[in-house]
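So you can see what is in the structure, the chains are spelled out below.
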Amino acid sequence: MHTLSKYEIDTPALVIDLDKMDRNIRKMADFFEKHSSNLRPHTKTHKCPILAHKQLQAGARGITCAKLGEAEVMALAGIRDILIANQIVGAQKTARLANLARHCDVMVAVESTDNVAELSSAAGSAGSTIRVLIEVDVGMHRCGVKSAEEALSLAQIILSSPGLEFEGIMGYEGHAVMIPDFEDRQRACIDSMQVLISTKEILEKNGIEVKIVSAGGTGTYNIAGTYPGITEIQGGSYILMDAHYAGVLQDFECALTILTTIISRPNKETAILDAGMKAMTFEFGMPELVGLPGANLSFLSEEHGHVYIEDVDPKAGQKIEVIPSHCCTTINLHDIYYAVRGDRVEGVWPIAARGKFV
Ligand SMILES: Cc1ncc(COP(=O)(O)O)c(C=O)c1O
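Throughout what follows, the structure given in this document is the object of discussion.

Calculation criteria
Residues numbered from 1 in each chain as written. Predicted model: local features only at pLDDT ≥ 70, side-chain atom pairs only at ≥ 80, totals over all residues. Helix = DSSP H or I, 4+ residues; strand = E, 2+ residues; numbered from the N terminus. Rg over C-alpha atoms; globule rule 2.2 N^0.38 Å. Buried ≥ 20, exposed ≤ 12 C-beta atoms within 10 Å, placed from the backbone. Contact = placed C-beta atoms within 7 Å. Near = placed C-beta within 6 Å. Nonpolar A, V, L, I, M, F, W, Y, C, P; charged D, E, K, R; others polar. Core = buried A, V, L, I, M, F, W, Y, C linked by C-beta atoms within 7 Å. Domains from an automatic or database assignment.

1. Some points on the overall build of the chain
Then, in step 1: The helix and strand inventory of the chain stands at 10 helices and 17 strands.
Then, in step 2: Taken over C-alpha atoms, the radius of gyration comes to 22 Å for the chain, in line with the 21 Å a tight globule of 358 residues would show.
Then, in step 3: Considered along the principal axes of its C-alpha atoms, the chain spans approximately 70 × 45 × 35 Å.
Then, in step 4: Expressed as a percentage of the 358 residues in the chain, the buried residues total 47%.
Then, in step 5: Within the chain, counting contacts between residues at least 6 apart in sequence, those at least 24 apart form 66% of the total.

What follows is the structure in structure tokens.
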């Protein structure tokens, strides 16, 4: 039987190097086998239930999602322990969440009494139980309660709210995960973990059990993941990585590329790829070309990538691989992954939760 070679894939296409990805999954799993905290990988990176199952098989405790729509896709794929690390607000979404809680052990972040009230009422109507974590702002200044006192009064309200189960707290140190210097990153992460753990201590002093303390990303997995009292880490990008994160952290390999084709050579210094900003994002800088020494992407239009060339002379029709600068947003533009081992295609996997931002 003829199996497809990587270079027979039509382009633009998202390609996973399975050997590299497997090593990333293994390396992160090995880390958590040696430490008391657990991994709850953030699946907003890959948005693919097959990959989530691989992470769970390697030992992850559960998964993290950013959106209710993502959690619904993951639950449909048979995953039970799901944290939506985000606020689910409003009658429509809380009703959907309460229904989802009848089919999996979903957990959600909360920060306000109004939201707690609507979640409790939705759970009551659906006859389900929703697990909740209080989100604490640990310095990123996105969502979360601003003080331990606020967390304490919210926890007391949750404990007396029917249909809700208080599980603990979470705090995401997103301002720290990509600080390039390790010691600066460590300092910023530890400051955040101190905020989170002091909140846990105040809850416990008031007789409230805090089972889960969830934090961390790829850039801080080994800092937050070894901080006493942190029970789980929400790393996402480590599984596939990207050019931007690889500049910050060398522990994991870039396993994701966009396979493209040169469609034009308008002049000696320029090659045009068949992939532009509708196939790859560039908010973290330009994606990086593989195997074209001295060449780089200078500009992306919607469906064209402009490559500046110095010493090489690639021909129209030649396939070129590109490492995304931001894996999470690039993946969200694609419907499928080509899963490749060596240069043989081993699988074609739907990115089932792409675009599920509602
Ligand atoms: C709530 C939350 N947890 C964890 C992460 C970690 O992701 P990564 O591992 O890609 O840094 C993110 C990334 O945006 C996030 O928003």
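2. As for the site of the ligand
Then, in step 1: Looking at the ligand, there are 13 residues lining it, with Gly-217, Thr-218, Gln-234, Gly-236 and Ser-237 nearest.
Then, in step 2: Residue composition of the shell around the ligand, grouped by class: 3 nonpolar, 10 polar and no charged.

3. With respect to unusual backbone geometry
Then, in step 1: The peptide bond linking Thr-11 to Pro-12 adopts the cis configuration, its omega dihedral lying at 0°.
Then, in step 2: Positionally, Pro-12 belongs in the segment before β1 (13-17).
Then, in step 3: The backbone of His-141 sits at a positive phi, close to 60°, despite the residue not being glycine.
Then, in step 4: Tracing the backbone shows His-141 in the loop between β6 (130-135) and α6 (148-159).
Then, in step 5: Although it is not a glycine, Met-241 adopts a positive phi angle of roughly 60°.
Then, in step 6: Within the fold, Met-241 resides in the loop between β9 (232-233) and α9 (243-246).
Then, in step 7: Taking the number of C-beta atoms within 10 Å as the measure of exposure, Met-241 has 25 and is therefore buried.

4. Concerning the nonpolar core
When a protein is soluble and globular, its nonpolar side chains tend to lie buried together.
Then, in step 1: Counting 109 residues, the largest nonpolar core has Ile-82 and Ile-84 as its most contacted members.
Then, in step 2: Each of domain 1 (6-11 + 251-350) and domain 2 (18-239) contributes no fewer than three residues to this core.
Then, in step 3: Ignoring anything within four residues of it in the chain, the contact list for Ile-82 reads Gly-62, Ile-63, Cys-65, Ala-71, Met-74, Ala-75, Cys-104, Val-106 and Met-107.

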